[in-house]
Amino acid sequence: MNKYIPRDCVPKGRPFHLYRLLLQYHEPELCSFLDTKKITPDSYAMSWLGSLFSSHCLPEVTQALWDNYLQQADPFLIFFLMLIILVNAKDTILAQEGDSKEDIIKMLEGSPALLEAEDIEDLFSLAQYYYSKTPLSLRKENQNLFGSSLVALKEEDMDLSQALCLPVSVPEILQANQLQQEGVRFFVVDCRPAEQYNAGHLSTAFHLDSDLMLQNPSEFALSVKSLLEAQKQSLESGSIASGEHLCFMGSGREEEDMYMNMVLAHFLQKNKEYVSIAKGGFMALQQHLVDMNIEGLDSSYVHWIVSTSGSHSSLSSADGESLSSPGDSKGVKSLVNKMTFALKSKSVNVKEKMISFIENTSTPVDRHVSSSDRVGKPYRGVKPVFSIGDEEEYDTDEIDSSSMSDDDRKEIVNIQTWINKPDVKHHITCNEVKETGHMFPSHLLITATHMYCLREIASRKGFAYIQSRQALNSVVKITSKKKHPELITFKFGNNNSAGVEISAVERYLIPNAGDATKVIKQQIMKVLDALESS
């Protein structure tokens, strides 16, 4: 049975994470709706996979479905049959905005029962169409879902539950546009900082500096508009760089790619279909070309990596001379590189302006509160742990408290009513930033003793969830990124015999962050002083 029924069909199992990524790739609006409702595929599709739909379909429907499925002899087709069932029910699902989570799950779970025997041929035709519009990596990277249960998942297999979008392998990206005119073709978006892109990049890649999203949002919006226009023109011209599928490429280093994740989240929140990420980023591209021994291959594979000046990296040419590729190589660089050069230059200019700004506003590294900041004995009889400073990178193993909450259990409040409460001393408009890069419009409210985060509800204007409630005396550190001083991290914790134990980490994008952190710091000092004098 493992040949056609995927392994690990358990709650939160790998097949269901893969299916969600597939749904997001083709139907981002529907996926976002179900995510908002906290409805995961395993809550309604467990029996679909486990019984190959026989638990819900009439016997004659099951027989016709199984006949086609087994004749195709492709186990991955089951994911696309599941996809089509949801696509066909899309309007009905979205119309259930006001229904309870349980009612929606019940409706979803029973949807295969609506199939009739004469529907099966169309069901498979649509499934094959969506299959042809899906990166081959979905199948190649997940082969071990089927087959003997003795073959365990490899340690290096990506945890799909943590994937922001569908991952695509570097070899597929290189081969797709080079070797095929039909099927999936990628428009590669390089999201590394300008200096890294200028030093070397995939010759067909468009540059979108992810740093701009925080440094200069208006410039970022202009860059996104230019990106979409470049994609449109490349498709019209038939360039080898063209593709309707957007594939975002980072550096491959987790701390740097956080900003690319924000860009990815931006496109996903706009319900942009066909969005993927290059697995391993630019580091994987370089390693792949080394493994291929690129200097010895046919000339159709040279000139993959170029610099802004047009010179090729050592990977492309053994003697360093400019070699000409056959066919469309001129078109490869002409359209995309011309359109991105102005943006790259502008990115550098923006970055230079930001360097001056950061130097004037960033706070000292890891500066603990000094004696001039507060009067009295050390906090709770130990060395002070509260500090404000810069950080080089995020602690990825720490707790992100925002990911632990369940919207279904959160209190919903009127934003203005809470802002006007007499005990609210400060109101700070901001964006809550998740580890994945997703940003949510929010409000920080500071009282005499606590900091509240109210996350706006997109479907209910003027209302918000109480996302978190943190005591000010539990703040142990407030840090900012040197490159992005408006991105503020709050670390909460308590003291024990082993030192400081971090209990929660929250991150916010705050305009005029210096003023905001100043008022929060002042309020924390008042709380600590009151505790010490009591």
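Refer to the preceding data block for the structure.
Calculation criteria
The numbering scheme is per chain: residues are counted from 1 as the chain's sequence reads. Totals for whole chains, interfaces and linings use every residue, but because this is a predicted model, local features are given only for residues with pLDDT of at least 70 and side-chain atom pairs only at 80 or more, for both listing and counting. Just so you know, side-chain values use all the structure's heavy atoms and leave hydrogens and water out. Working definition: helices are DSSP H or I runs of at least four residues, strands are E runs of at least two. Numbering for both runs from the N terminus. In a helix, the anticipated span is given by 1.5 Å times the number of residues less one. Only protein chains enter the area calculation, which uses a 1.4 Å probe; residues under 20% of their type maximum are buried, those over 50% are exposed, and those in between are partly exposed. Arc definition: directions from the helix axis to the C-beta atoms. Ring pairs shown here join Phe, Tyr and Trp side chains whose ring centres sit within 6.5 Å, with only the six-membered ring taken for Trp; geometry is labelled stacked below 30 degrees between planes, edge-to-face above 60, and tilted in between. Here, over-ring charges are defined by two tests on the NZ atom of lysine or the CZ atom of arginine: distance to the ring centre within 6 Å, and angle to the ring normal within 35 degrees. What makes two residues a contact is simply this: any of their non-hydrogen atoms within 4.5 Å. Two N or O atoms count as a polar contact when they lie within 3.5 Å, although within protein this holds only if one can serve as hydrogen donor and the other as acceptor, and sequence-adjacent residues are included solely when both atoms are side-chain atoms. Here the rule is simple: two strands pair whenever DSSP picks up at least two bridges between them. In this description, a nonpolar core means a group of buried Ala, Val, Leu, Ile, Met, Phe, Trp, Tyr and Cys residues linked to one another through side-chain atoms lying within 4.5 Å. Marked domain ranges trace back to an automatic or database domain assignment. Cysteine sulfur atoms that come within 2.5 Å of each other are treated as a disulfide pair. By definition, a salt bridge exists where a carboxyl oxygen of Asp or Glu is found within 4 Å of a side-chain nitrogen of Lys or Arg.

### Some remarks on helix H13 (residues 217-237)
Because an α-helix completes one turn every 3.6 residues, residues spaced three or four positions apart along the sequence face the same direction. For H13, spanning 21 residues, the distance from its first C-alpha to its last is 30 Å, which sits close to the expected 30 Å at 1.5 Å a residue. Buried within H13 are the following residues: Glu219, Phe220, Ser223, Val224, Leu227, Ala230, Gln231 and Ser234. Mapping the buried residues of H13 onto a view down its axis gives an arc of 145°, with all of them on the same face. Facing away from the buried side of H13 by over 90 degrees, the exposed positions are Ser218, Lys225 and Glu236.

### Digging into the packing of aromatic side chains
Here the structure, examined in full by the defined rule, presents 13 aromatic pairs. Geometrically, the ring pair formed by Phe248 and Phe267 is tilted, given 5.0 Å between the ring centres and 55° between the ring planes. Taken together, the residues Phe248 in strand S5 (residues 245-249) and Phe267 in helix H14 (residues 254-269) connect sequence positions 19 residues apart. For Phe267, a relative accessible area of 3% puts it in the buried group. Taking the centre distance of 6.4 Å and the plane angle of 15° together, the rings of Phe490 and Phe492 count as stacked. Judged by its relative accessible area of 0%, Phe490 is buried. Given the relative accessible area of 0%, Phe492 is considered buried. Ring-pair connections join several aromatic residues into one group, and the members of that group are Tyr44, Trp48 and Phe53. The positively charged end of Arg192 is found above the aromatic ring belonging to Phe282, 3.8 Å away from the centroid. Over the ring of Trp418 we find Lys421, and its NZ or CZ is 3.7 Å from the ring centre.

### A few points about the side chain of His450
Along the chain, the position of His450 falls in strand S13 (residues 450-456). Under the relative-accessibility criterion, His450 is labelled buried at 14%. Apart from the residues lying within four places of it in its own chain, the contact partners of His450 are Leu445, Arg469, Gln470, Ala471 and Leu472.

### Digging into helix H15 (residues 281-291)
Buried within H15 are the following residues: Gly281, Phe282, Leu285, His288 and Leu289. Seen along its axis, H15 keeps its buried residues to an arc of 130°; they face one direction.

### Here's the deal with the environment of His450
It is 4.4 Å that separates the C-alpha atoms of His450 and Ala471, two residues lying 21 residues apart in sequence. Side chain to side chain, His450 and Arg469 meet in a polar contact 3.4 Å long.

### Things to note about the environment of Thr40
Residue position: Thr40 is located in the loop between helix H2 (28-36) and helix H3 (46-51). A distance of 2.4 Å separates the side chain of Thr40 from the side chain of Asp42, its partner in a polar contact.

### Thoughts on the pairing of strand S12 (residues 439-446)
In terms of residue burial, S12 counts as a mostly covered element, since six of its eight residues are buried. Sheet analysis places strand S11 (residues 426-433) next to S12, joined by eight bridges and oriented antiparallel. By the bridge assignment for S12, His426 is matched with Ile446. As paired elements, S12 and S13 share five bridges and run antiparallel to each other. Among the inter-strand pairings, His443 is bridged to a residue of S13, identified as Leu454. Between the antiparallel neighbours S12 and S13 lie three residues.

### Describing the nonpolar core
The biggest cluster of nonpolar side chains holds 72 residues, and the ones touching the most others in it are Tyr44, Ile78, Phe79, Phe80 and Leu86. When residues of this core are assigned to their parent elements, the largest contribution, eleven residues, is made by helix H5 (residues 77-88). For this core, the two domains that each supply at least three residues are domain 1 (14-146) and domain 2 (161-294). Phe80 has contacts with Leu22, Ala127, Tyr130, Tyr131, Thr134 and Leu138, leaving out every residue within four places of it along the chain. Counting residues in hydrophobic clusters, the runner-up holds 30 residues, among them Cys165, Met260, Phe267 and Leu268.

### Side note on the state of the cysteines
Scanning the entire structure with this criterion turns up zero disulfides. Of the cysteine sulfurs around Cys191, a residue in no disulfide, the closest is that of Cys247, at 9.8 Å.

### Thoughts on the pattern of salt bridges
As enumerated under the stated definition, the model contains ten salt bridges in all. The partner of Lys90 in a salt bridge is Glu27, and the shortest N-O contact between them spans 2.9 Å. On the criterion of sequence distance, the pair formed by Lys90 in helix H6 (residues 90-94) and Glu27 in the loop between helix H1 (14-26) and H2 is long-range, its members being 63 residues apart. Both residues of the pair, Lys90 and Glu27, belong to the buried class. With its nearest N and O atoms 3.8 Å apart, the salt bridge here joins Lys37 to Glu97. Note that Lys37 is positioned in the loop between H2 and H3 and Glu97 in the loop between H6 and helix H7 (101-110), a separation of 60 residues in sequence. Taking relative accessible area as the criterion, Lys37 reaches 15% and is therefore assigned buried. Through salt bridges that share partners, Glu27, Glu29 and Lys90 make up one connected network.

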